[in-house]
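# Descriptive analysis of the structure
One letter stands for each residue in the lines below.
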2 protein chains.
Amino acid sequence: MKYTAHINVMPLKELLDPQGKAVNSSLHNLGLVAVQDVRIGRHITLNIEAATKEEAQAATEEACKKLLVNQVMEAFDYTLTEA
Amino acid sequence: MKYTAHINVMPLKELLDPQGKAVNSSLHNLGLVAVQDVRIGRHITLNIEAATKEEAQAATEEACKKLLVNQVMEAFDYTLTEA
């Protein structure tokens, strides 16, 4: 079966996000003062071929922990859908 | 009221995603052969102060179109939650 994992990788709340701060200032300069805080991370989609949803879940977590996420500075969450 | 916009910005399906291709190869080298395709975009959260949900929605779309998204190469979707 084919599954799609939708992964969000975001900088930890406790850490500064300089890219987000810069974008926040730019939005204010453009007149969008309603925006108060911006944080920027990555959105990753994986297409996975697996026998069961559990297997797809295991592959997603392994990919995140081994390669996609730096757990010292980032946190991730994901949802898994059947493709 | 405070709202949080969760925005996903992804490269258009029709376009190559070299970063995703590179990550896909790396995952295969790590033994994760179940993963067949990878696409990488950005995940952005905006904290918005607005009177109504419609106002927050308008601010989100303006931010995306004016600054956050290059609509020639990228597509975006978002969800809005009350913070």
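Along each chain, the written sequence defines residue order, and numbers are assigned to residues from 1. To read the labels, note that chains go from A and ligands from 1, taken in the order they are written. The predicted nature of this model means local features are confined to residues of pLDDT at least 70 and side-chain atom pairs, given and counted, to a pLDDT of 80 or more, with totals for whole chains, interfaces and linings taken over all residues. Side-chain numbers come from the whole structure's heavy atoms, not from hydrogens or water.

Residues and elements named next belong to chain B. In what follows, salt bridge is the name for a side-chain nitrogen of Lys or Arg lying within 4 Å of a carboxyl oxygen of Asp or Glu. Going through the model one piece at a time under the given rule, you end up with 10 salt bridges over all chains. The residue Lys21 makes a salt bridge to Asp37 at a minimum N-O spacing of 3.7 Å. Placement of the pair is Lys21 in helix H1 (residues 18-29) and Asp37 in strand E2 (residues 35-49), with a sequence separation of 16 residues. Between Glu74 and Arg42 there is a salt bridge; the shortest N-O distance is 2.6 Å. With Glu74 in strand E3 (residues 74-82) and Arg42 in strand E2, the pair connects residues that are 32 residues apart, well separated along the chain. A run of H or I in DSSP becomes a helix once it reaches four residues, and a run of E becomes a strand once it reaches two; helices and strands are each numbered from the N terminus.

Buried residues are those whose accessible area, probed at 1.4 Å on protein chains only, stays under 20% of the maximum for their type, while exposed residues exceed 50% and partly exposed ones sit between those limits. Buried residues of helix H2 (residues 53-68) of chain A: Ala56, Ala59, Thr60, Ala63, Cys64 and Leu68 of chain A, and no others. Projected down its long axis, H2 of chain A shows its buried positions confined to an angular sector of 135 degrees, all on one face. By the convention used here, residues are in contact when the closest approach between their heavy atoms is within 4.5 Å. Each element contacted by the buried residues of H2 of chain A is listed here: strand E1 (2-11), strand E2 (35-49) and strand E3 (74-82) of chain A together with H1 of chain B. Throughout, the arc means that of the directions going from the helix axis to the C-beta atoms.

With that out of the way, let us pick up the relation of the copies chain B and chain A. Take chain B, turn it by 180 degrees, move it 0.0 Å along the axis, and it overlays chain A with an RMSD of 0.0 Å. Taken together, the rotation angle and the small translation identify this as a two-fold axis. In terms of C-alpha distance to the rotation axis, chain B has Arg42 of chain B as its closest residue, with the C-alpha 2.1 Å off the axis. By residue overlap, the copies meet face to face through one surface: 100% of the interface positions of chain B are interface positions in chain A. When the copies are overlaid, the least-squares fit takes in C-alpha atoms only where the residue has pLDDT of at least 70 in both copies.

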